[in-house]
Amino acid sequence: MDLDVLNQRGIVLVGAGRMGSAMLEGWLARGLQPDAVHVIDPNPSPALIERGIRFNGALPDDPAVVVIAVKPQMMADALPQLKGFGNGDTLILTVAAGVTIAAYERAFGASTPIVRIMPNTPAAIGQGISAIIGNAAAGPADLALAESLMSAVGQVVRLDDESQMDAVTALSGSGPAYVFHLIETMAAGGEAQGLSPELALQLARATVAGAGQLALVGDLPPGKLRENVTSPGGTTAAALKILMDGETGFPPLLRRAIAAAADRGRELGA
Ligand SMILES: NC(=O)c1ccc[n+]([C@@H]2O[C@H](COP(=O)([O-])OP(=O)(O)OC[C@H]3O[C@@H](n4cnc5c(N)ncnc54)[C@H](O)[C@@H]3O)[C@@H](O)[C@H]2O)c1
């Protein structure tokens, strides 16, 4: 990633909580200079302060990028102080769920380049995936800069239309939580069969991580990987009969869960 423009002009991060810090860790690891980073956050993390990042101080007049990573519910408090970064050369990036590009254009002005991003927390270890979409004022160089920043912390996909963002949020933005819950519930299932909590958790974690890695790096689609585990008439088939049930299994359950998350995204943006 070419960080020269960020190291020269500076980057402002508004909100350094779980998602803001996860991205910042990835950028620092790839050569972003701590003294080029200006964080606005009323509750700065001591770990970040120790890195030499500037907190809640004077901001550069013309930073290359402003990254907004506050909760959607805090947006009305956070945006007014940033208005001065609008209608210039500063690229506005935002990771907030639900909040639409139109809302940022109202705050910054429609000629401001704005890119909406939906990342996820595996960004903290460089294994995230982010979807990006820009407004009309965001040109190819703006999108390239947004893509370059987010590819420092994982994969990046470009969306065709902002209307896809709530579905993306429901799938990959919130998705790590579903997987962590899968680990919890698989471990609980192992415990119910007599394993100790520690052993059940170790087995569940390694199984989900290993299966995830296999699905990511190999050429085989997940359905084929599933078949490769499933001996006819064997143990896996007995479990999948329950999990793949069209009425009570994963398919209707995850369809409902992802729909609920997407609906909530639409509500947050309304
Ligand atoms: N956590 C995730 O998995 C995830 C994934 C994708 C997108 N997001 C989006 O990222 C954003 C942040 O979520 P999070 O989980 O990091 O939340 P968080 O609560 O961990 O972090 C938010 C941070 O914003 C700070 N803050 C509050 N008001 C502020 C203000 N007026 N100005 C500056 N900073 C302020 C808080 O002190 C906190 O550190 C949300 O909009 C969320 O939709 C989160």
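Residues numbered from 1 in each chain as written. Predicted model: local features only at pLDDT ≥ 70, side-chain atom pairs only at ≥ 80, totals over all residues. Heavy atoms only, no water.

Chemist: Describe the UniProt feature "domain: Pyrroline-5-carboxylate reductase catalytic N-terminal" (unreviewed entry) in the chain, and please don't skip the residues or the numbers.
Modeler: Annotation from UniProt places "domain: Pyrroline-5-carboxylate reductase catalytic N-terminal" (unreviewed entry) at residues 11-92. End C-alpha atoms of residues 11-92 are separated by 10 Å, and the span's content is 24% helix alongside 20% strand. (UniProt positions renumbered as here; feature names shortened; annotations may be inferred. Helix = DSSP H or I, 4+ residues; strand = E, 2+ residues; numbered from the N terminus.)

Chemist: Could you give an account of the site of the ligand, naming the residues involved and the relevant values?
Modeler: Surveying the vicinity of the ligand reveals 24 residues, the closest of which are R18, M19, D41, V70 and A97. One nitrogen or oxygen atom from the main chain of R18 is found 2.9 Å from an oxygen atom belonging to the ligand. A distance of 2.7 Å separates an oxygen atom of the ligand from a polar backbone atom of M19. Taken by itself the ligand offers 830 Å² of open surface, and the protein chains cover 82% of this. Split by residue class, the shell around the ligand holds 15 nonpolar, five polar and four charged. (Near = heavy atom within 4 Å. Polar contact = N/O pair within 3.5 Å; in protein donor to acceptor, adjacent residues only side chain to side chain. Areas by Shrake-Rupley, 256 points an atom, 1.4 Å probe, with all protein chains shown as cover. Nonpolar A, V, L, I, M, F, W, Y, C, P; charged D, E, K, R; others polar.)

Chemist: Can you lay out the side chain of S130 for me, pointing to particular residues and giving the numbers?
Modeler: Structurally, S130 is set in strand 7 (residues 128-134). Relative accessible area serves as the criterion here: at 3%, S130 is assigned to the buried category. Once residues lying within four places of it in the same chain are set aside, the contact partners of S130 are I117, M118, P119, M150, Q155, V156 and V157. (Buried < 20%, exposed > 50% of the residue type's maximum accessible area, 1.4 Å probe, protein only. Contact = heavy atoms within 4.5 Å.)

Chemist: Explain the packing of helix 8 (residues 175-192) against helix 9 (residues 197-217) to me, and be specific about the residues and the numbers.
Modeler: Contact geometry of helix 8 with helix 9 gives a least axis separation of 8 Å together with a crossing angle of 140°. By the criterion of interaxial angle, the relationship of helix 8 to helix 9 is oblique. The handedness of the crossing between helix 8 and helix 9 comes out as right-handed. Between helix 8 and helix 9, the contacting residues are V179, L182, I183, M186, A187, G190 and E191 on the first element and P197, A200, L201, A204, R205, T207 and V208 on the second. Residue composition of the contact of helix 8 with helix 9, grouped by class: 10 nonpolar, two polar and two charged. (Axes fitted to C-alpha atoms, helices over the stretch in contact; angles between N-to-C directions. Parallel < 35°, antiparallel > 145°, perpendicular 65-115°, else oblique. Left-handed = near helix turned anticlockwise from the far one by under 90°.)

Chemist: Describe the pairing of strand 8 (residues 154-158), naming the residues involved and giving the relevant values.
Modeler: Working note: regular strand, side chains alternate between the two faces of the sheet. In the sheet, strand 7 pairs with strand 8 via five bridges, with the strands oriented parallel. Bridge pairing in strand 8 links A131 to V157. Chirality of the crossover, the property in question, places the unit of strand 7, helix 6 (residues 140-151) and strand 8 among those that are right-handed. (Pairing = 2+ DSSP bridges. Right-handed = clockwise from strand over helix to strand, strands pointing away.)

Chemist: Got a sec to walk through the layout of surface pockets? Specific residues and values, please.
Modeler: One number sums up the size of the largest pocket: a volume of about 2,500 Å³. In terms of lining, the largest pocket is formed by 48 residues, of which the most central are V179, L182, V208, A211 and G212. Going through the elements one at a time, strand 7, helix 7 (165-173), helix 8, helix 9, helix 10 (222-229), helix 11 (235-243) and helix 12 (250-269) are the ones with two or more residues in the lining of the largest pocket. Looking at which element gives the most residues to the lining of the largest pocket, the answer is helix 8, with 11 residues. Residue composition of the lining of the largest pocket, by class: 31 nonpolar, 15 polar and two charged. One number sums up the size of the second largest pocket: a volume of about 910 Å³. Forming the boundary of the second largest pocket are 33 residues, of which R18, M19, A69, V70 and K71 lie nearest the centre. Secondary-structure elements contributing two or more residues to the lining of the second largest pocket are helix 2 (18-29), helix 4 (75-78), helix 7 and helix 8. (1 Å grid on protein atoms, 1.4 Å probe; cavity = no way out; pocket = protein on both sides within 12 Å on 5 of 7 lines; lining within 4 Å. Points joined across faces, edges and corners; volume = space filled by probe spheres on them.)

Chemist: How would you summarise the sheet that holds strand 5 (residues 91-94) if you had to cite specific residues and measurements?
Modeler: Spatially, the eight strands line up as an open sheet ordered 3-2-1-4-5-6-7-8, and their pairing is mixed. The sheet terminates laterally at strand 3 (54-55) and strand 8, the two strands that pair on one side only. Bridge analysis of strand 1 (residues 11-14) against strand 4 (residues 65-68) gives four bridges, and the strand direction is parallel. Bridging across to strand 4, V14 finds its partner in I68. Seen against the sheet, helix 6 touches strand 4, strand 5, strand 6 (114-118), strand 7 and strand 8 and runs at an angle of roughly 150° to strand 8.

Chemist: So what's going on with the environment of V99? Residues and values would help.
Modeler: Tracing the chain through its elements places V99 in the loop between strand 5 and helix 5 (101-108). When its relative accessible area of 8% is taken as the criterion, V99 is described as buried. Sequence-distant contacts of V99, that is, excluding residues within four places in its chain, are made with P72, M75, Y104, R116, E162 and G269.

Chemist: Please provide a residue-by-residue account of the pattern of salt bridges, values included.
Modeler: Evaluation of the coordinates by the stated rule reveals six salt bridges. Note that R116 and E162 form a salt bridge whose closest N and O atoms lie 2.7 Å from each other. Taken together, the residues R116 in strand 6 and E162 in the loop between strand 8 and helix 7 connect sequence positions 46 residues apart. Look at R116 and you get buried, because its relative accessible area is 2%. (Salt bridge = Lys/Arg side-chain N within 4 Å of Asp/Glu carboxyl O.)

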